[in-house]
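# Summary of the model geometry
Okay, here's what each chain looks like letter by letter:
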Amino acid sequence: MNTVRHYHLKFLTVLDIIVITVILIEGVNLMLNKAYLEITNVCNLSCTFCHKTKRKPRLLTADEFEHLASKLKGKIKYLYFHLMGEPTLHPDLPKFISTAKSMGFLPIITTNGTLLGKIRDNILSDPPHKISISLHAPSANKAFADSSYLDNCIDFAHKASNTGCYIAYRLWNIGTEEEKENRPILDKLHEEFPGEWTDVRNKNGKKLADRIYLEFAEHFDWPDMNADECKKDADMFCYGLRDQIGILCDGTVVPCCLDAEGVIALGNLFESDLDQIISSPRAKAIYDSFSNRRAAEELCRKCGYAKRFSK
């Protein structure tokens, strides 16, 4: 954000105080860490764990991607090609990766992994910074039960790591019935990546090999307007608008990567600049409310992910 918010001192960390002091003294413009730029909202699967979207199917054109990316240039460090949809479906994905790198972004792909065998050579000729592969229990979708699925994900990781690309396998089903199906997946990974797996500092994960990681996370409930709502005075926090933003494939800017339907539409990046959008009264209210550990938006009060930051 480009302006200093009204903070309550009891919620400030030492790092917060240092950052605010630097801004006041030097007039530094803060850069958001992540932007989730949705290059398509179309997916080749329909999994039980996914919120899905009712929005009209759309793919960004090459010109649209370059236009949106140019508006994020210098303000975002990591550019994710995902919010909803499967990015490896997009025929221009290799071009988008190259364009993003030329603009100074560190591009990241999140994928279900089912198409990696088909697009491997095209992606790895000019690889992104990182590719996160969501490994899920076969009961979530029959595609994950295919005997070649995990083999392709492993083969891809070996080849990608040799290009300097980081790979993160994800098992984000901890605490569910599907967790019991992780055992065969873990056995296969141990077979392919033998030796002791080291802990990742400050992360709930393991390092399997050079540039190859495994991440664990608990299942969470997506924010949904039909879900149960927390009380307005409930303790809640979110990193939306302070660490990340989302941009849907029609240009709509949302506070975070979980607003699948664009309920909290802050503006449109095709029509306005990012600074103008995130300094709007609605965006400020969201940011300031979370600074006070409150959720200003109804959708945020219906978000299962935000609850993990509650005290």
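Let me begin by describing the structure that accompanies this report. (Residues numbered from 1 in each chain as written. Predicted model: local features only at pLDDT ≥ 70, side-chain atom pairs only at ≥ 80, totals over all residues. Heavy atoms only, no water.)

## Details of the pattern of salt bridges
Spelled out, the test is: Here, a salt bridge means any side-chain nitrogen of Lys or Arg that lies within 4 Å of a carboxyl oxygen of Asp or Glu. Helix numbers and strand numbers start at the N terminus; a helix is a DSSP run of H or I with at least 4 residues, a strand a run of E with at least 2. Throughout this description, buried means an accessible area under 20% of the type-specific maximum (1.4 Å probe, protein chains only), exposed means over 50%, and partly exposed covers the range between.
Scanning all chains against the criterion turns up 21 salt bridges. Between K130 and E215 there is a salt bridge, with its nearest N and O atoms 3.6 Å apart. With K130 in strand 4 (residues 130-134) and E215 in strand 8 (residues 212-218), this residue pair connects regions lying 85 residues apart in the sequence. On the basis of relative accessibility, which here comes to 22%, the residue E215 falls in the partly exposed class. With a shortest N-O distance of 3.8 Å, E215 and R170 are connected by a salt bridge. Taken together, the positions of E215 in strand 8 and R170 in strand 5 (residues 166-174) put the pair 45 residues apart, joining distant regions of the chain. Taking the relative accessible area as the measure of exposure, R170 reaches 14% and is therefore buried. A single salt-bridge network, built from bridges that share partners, covers R120, D121, D155 and K159.

## Comments concerning empty space enclosed by the protein
Put simply, the rule reads: Only protein atoms enter the 1 Å grid, on which a cavity is a set of points fitting a 1.4 Å probe that cannot get out and a pocket is an open set with protein on both sides within 12 Å along at least 5 of 7 lines, lining residues being those with an atom within 4 Å of a point. Grid points are joined across faces, edges and corners, and a volume is the space filled by probe spheres set on the points. Here the nonpolar group is Ala, Val, Leu, Ile, Met, Phe, Trp, Tyr, Cys and Pro; Asp, Glu, Lys and Arg are the charged ones; every other residue, Gly included, is treated as polar.
This model, assessed by the stated rule, comprises 2 cavities of 30 Å³ or more. Put simply, the second largest cavity is a space of about 30 Å³. Lining the second largest cavity, in full, are A62, F65, E66, K95, F96 and T99. Looking at the lining of the second largest cavity, the elements that each hand over two or more residues are helix 2 (62-72) and helix 3 (93-102). Across the lining of the second largest cavity, the residue classes tally to 3 nonpolar, 1 polar and 2 charged.

## Concerning unusual backbone geometry
For residues other than glycine, phi is negative in most cases, and the peptide bonds are mostly trans. The backbone phi angle of K52 is positive, close to 70°, even though this residue is not glycine. Along the chain, K52 turns up in the loop between strand 1 (32-37) and helix 2. Its relative accessible area of 32% is what places K52 among the partly exposed residues. With a phi angle near 60°, R293 is a residue other than glycine that sits in the positive phi range. Tracing the backbone shows R293 in the segment after helix 8 (281-291).

## Focus: the side chain of E178
Stated formally: In this tally, Lys and Arg are treated as positive and Asp and Glu as negative; His is ignored, and so are the chain termini. Polar contact is the term for a pair of N or O atoms within 3.5 Å; when the atoms are in protein, one must be able to donate a hydrogen and the other to accept it, and sequence-neighboring residues count only if both atoms are side-chain atoms. Here, residues are in contact when the closest pair of their heavy atoms is within 4.5 Å.
Tracing the chain through its elements places E178 in the loop between strand 5 and helix 6 (182-192). K52 is the oppositely charged side chain nearest to the buried, salt-bridge-free E178, at an N-O distance of 10 Å. Here T48 takes part through its side chain, which lies 3.3 Å from a polar atom of the side chain of E178. Excluding anything up to four places from it in sequence, E178 contacts T48, A137, S139, A140 and N173.

## Quick word on the packing of helix 4 (residues 116-124) against helix 5 (residues 147-161)
Let me state the cut-off plainly: Between the N-to-C directions of two axes lies an angle of 0 to 180 degrees, each axis being a line fitted to C-alpha atoms and, for a helix, fitted only over the stretch in contact. Under this scheme an angle from 65 to 115 degrees is roughly perpendicular, one under 35 degrees roughly parallel, and one over 145 degrees roughly antiparallel; angles in between are oblique.
Orientation of helix 4 relative to helix 5, taken along the N-to-C sense of each, is 5°, at an axis distance of 10 Å. It follows from the interaxial angle that helix 4 and helix 5 lie roughly parallel. Contact residues: helix 4 offers L116, R120, I123 and L124, while helix 5 offers D155, F156, K159 and A160.

## Topic: the pairing of strand 8
Threshold: Two strands form a pair only when DSSP identifies at least two bridges running between them.
Of the strand pairs in this sheet, strand 5 and strand 8 are connected by 6 bridges, and their pairing is parallel. Residue pairing in the sheet places L171 in a bridge with F216 of strand 8. Turn length for the strand 7 (residues 205-209)-strand 8 hairpin, with the two strands adjacent in sequence and antiparallel, is 2 residues, and the turn residue R211 shows positive phi of about 70°.

## Here's the deal with the sheet that holds strand 2 (residues 76-80)
Pairing is mixed across the open sheet formed by 11 strands, whose spatial order is 6-7-8-5-4-3-2-1-9-10-11. The open sheet is flanked by strand 6 (198-199) and strand 11 (267-268), the only strands paired with a single partner. The pairing of strand 4 with strand 5 spans 5 bridges and is parallel. Considered in strand 5, the bridge of I131 is made with I167.

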